[in-house]
Amino acid sequence: MENKTFFSQNLRFFRKKAGMTQKEFASKIGFSDKAVNKWEKTGTIPGINTILDICTCLRISLNELLLFNTNDDFYLAIDGGGTKTEFVLFNETGEFFKRITLGASNPNVVGMEKVFDVIDEGIERLYIDKDNVRGVFAGIAGCGFEKNSVRVENHLKEILKNAVICVESDIMNVIGSVPHIKNCAAIICGTGSVAYAYENSVLTRVGGWGYLLELSGSGYDIGRDALIAAISQRDGIGEDTILTEAVEEKLGSSVWDSIDKIYSSKTEFIASFAPLVFEACEKGDRVSKGILQKNAKHMSDLVEKVMKNHDCSDTLLMSGGLLSKDSVYAKMIEANLGEDKHVIIPEIPQVFGACIRCLKQCGKDTQMIEKVFESEFKNRRDNNE
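In this report, the structure presented in the accompanying data block is examined. Fair warning: this is a prediction, and the values are worked out from it, not measured in the lab.

Definitions and cut-offs
Residues numbered from 1 in each chain as written. Predicted model: local features only at pLDDT ≥ 70, side-chain atom pairs only at ≥ 80, totals over all residues. Heavy atoms only, no water. Buried < 20%, exposed > 50% of the residue type's maximum accessible area, 1.4 Å probe, protein only. Helix = DSSP H or I, 4+ residues; strand = E, 2+ residues; numbered from the N terminus. Pairing = 2+ DSSP bridges. Phe/Tyr/Trp six-rings, centres within 6.5 Å; stacked < 30°, edge-to-face > 60°. Lys NZ or Arg CZ within 6 Å of the ring centre and 35° of its normal. Contact = heavy atoms within 4.5 Å. Axes fitted to C-alpha atoms, helices over the stretch in contact; angles between N-to-C directions. Salt bridge = Lys/Arg side-chain N within 4 Å of Asp/Glu carboxyl O.

1. Let's talk about the pairing of strand β7 (residues 193-199)
Along β7, six of the seven residues are buried, which leaves the element largely enclosed by surrounding structure. Direction of pairing for strand β6 (residues 184-189) relative to β7: antiparallel, over a ladder of six bridges. Across the sheet, residue A186 finds its bridge partner in β7, namely Y196. Remark: three residues form the turn of the hairpin made by β6 and β7, two consecutive strands paired antiparallel. Pairing of β7 with strand β8 (residues 202-206), which is carried by five bridges, proceeds in the antiparallel orientation. By the bridge assignment, A197 is partnered in β8 with T204. In this antiparallel pair of consecutive strands, β7 and β8, the connection spans two residues, and N200 shows a positive phi of 55°.

Structure below.
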């Protein structure tokens with residue numbers, strides 16, 4: 001276990017506990033605030049004399065600065081999708097110890113063995129006594145299917161034997177990130193897409209059956225549509241679009257010469273072309289706008305279906321990489337639904353909801369620490385951490 005692993009988060013925690021900004025703290029120990037920022041972000045450890053000055057300034061021991069308190073109980077939240085997986089280690093008071101991001105963990109996309117590999121790596125990189133982890137909530141795309149969730153849950157139980165463990169769909173992270181929500185519709189649009197009704201704590205899925213069986217709506221679908229638009233133009237059967245040049249620049253060759261590359265690539269590679277559609281749409285490209293409108297219509301149709309058949313209180317939660325607050329795609333979906341719908345786009349990451357659900361499943365009162373979590377994520381976002 002390396003001291004540098006914990007130096008950054010411990011320094012940040014004790015500095016904030018002392019009520020000092022980075023600039024104020026830096027002034028007291030004779031360094032610049034840039035140096036302090038570097039220590040807290042990268043874990044770079046200064047010389048021994050500086051470390052001792054830090055301990056004196058913050059009135060803490062060397063062990064407190066460099067090591068984890070392994071007597072504490074810890075909780076683990078996991079948010080997994082078709083592109084990335086985020087891990088957060090924290091305690092029941094809302095104090096964050098480590099936050100890391102690894103690759104995709106949707107078993108329907110990468111396979112179950114790869115999911116296990118990502119989970120194993122994430123837990124190892126937390127550098128924590130596994131016996132002290134008391135609870136785990138993993139909201140992972142593809143784990144709305146019971147056979148997947150059971151396999152992931154059993155794998156986690158083999159590693160974290162003293163923890164209360166629950167594995168569900170990543171939509172539960174979204175719902176958990178807005179704790180006051182009772183009944184609602186919820187959608188995620190990232191590499192994949194899915195819609196749910198959340199009614200009296202029961203989930204009902206509409207769509208989200210994977211890239212081979214989906215019609216539209218996801219980053220994969222939008223990226224695929226960009227490739228189709230480009231090759232259609234080159235074949236002389238489609239409209240001219242600035243997408244073609246952008247697509248071929250990203251491919252590094254003509255779309256005709258890239259067919260083998262496209263067919264042999266993974267879903268996240270196809271989805272990586274979706275941002276080109278958004279960029280072209282902003283420049284007024286008609287084809288790109290049509291692609292987004294078609295996919296947005298599909299998602300709004302799913303939402304309408306969910307709300308028609310379930311008590312969703314006319315509330316829609318939207319989350320995922322394509323649905324930021326200012327996203328033109330989110331605005332298209334919302335416009336299709338009409339003004340009578342209450343649309344919520346959580347500003348904090350989905351993994352926040354996994355933290356809350358983790359504590360709730362362990363019987364912890366989360367009312368007070370919900371604001372702590374929210375503040376923590378907002379501060380890290382504002383500081384680009």
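2. Thoughts on the packing of aromatic side chains
Remark: the centre distance and the inter-plane angle together describe each pair of aromatic rings, the angle taken between the planes. Summed over all chains, the structure comprises six aromatic pairs. Relative to F273, the ring of F269 lies with its centre 5.2 Å away and its plane at 85°, an arrangement referred to as edge-to-face. Taking NZ or CZ as reference, R205 lies 4.5 Å from the ring centre of F145, over its face. For the cation-ring pair, R205 lies above W209, with the distance from its terminal atom to the ring centre recorded as 4.9 Å.

3. Re the environment of G81
Summarising the element assignment, G81 is placed in the loop between β1 (74-80) and β2 (85-90). Looking at G81, the relative accessible area reads 13%, which means it is buried. With 25 residues separating them along the chain, G81 and T56 place their C-alpha atoms 44 Å apart. Setting aside chain neighbours within four positions, we find G81 in contact with A104, S105, N106 and A141.

4. A short note on the sheet that holds strand β3 (residues 96-102)
Pairing in this open sheet of five strands is mixed, and the strands run β3-β2-β1-β4-β5 from one edge to the other. Sheet topology places β3 and β5 (164-168) at the edges, where each strand pairs with a single neighbour. Each neighbouring strand pair of the sheet contributes to a mean axis angle of 10°, computed without reference to strand direction. Its contacts with the sheet place helix α8 (residues 146-159) against β4 (133-140) and β5, and it is angled at close to 155° to β5.

5. A closer look at the pattern of salt bridges
A side chain of one charge can pair with a side chain of the opposite charge if their charged atoms are brought near each other. One pass over the structure, following the stated rule, counts 15 salt bridges. The closest approach of N and O atoms between R234 and E248, which form a salt bridge, is 2.7 Å. Here R234, found in helix α10 (residues 219-235), pairs with E248, found in helix α11 (residues 243-251); they are 14 residues apart in sequence, far enough to count as distant. The exposure class of R234 is partly exposed, given its relative accessible area of 35%. Residues E239 and R286 are paired through a salt bridge, measuring 2.6 Å at the closest nitrogen-oxygen approach. Separated by 47 residues along the polypeptide, E239 in the loop between α10 and α11 and R286 in helix α15 (residues 286-309) bring together distant segments of the chain. Owing to a relative accessible area of 43%, E239 belongs among the partly exposed residues under this scheme. Connected through salt bridges with shared partners, the residues D221, R224, D225 and K294 form a single ionic network.

In short, the description is geometric, and any link to function would need to be established separately.
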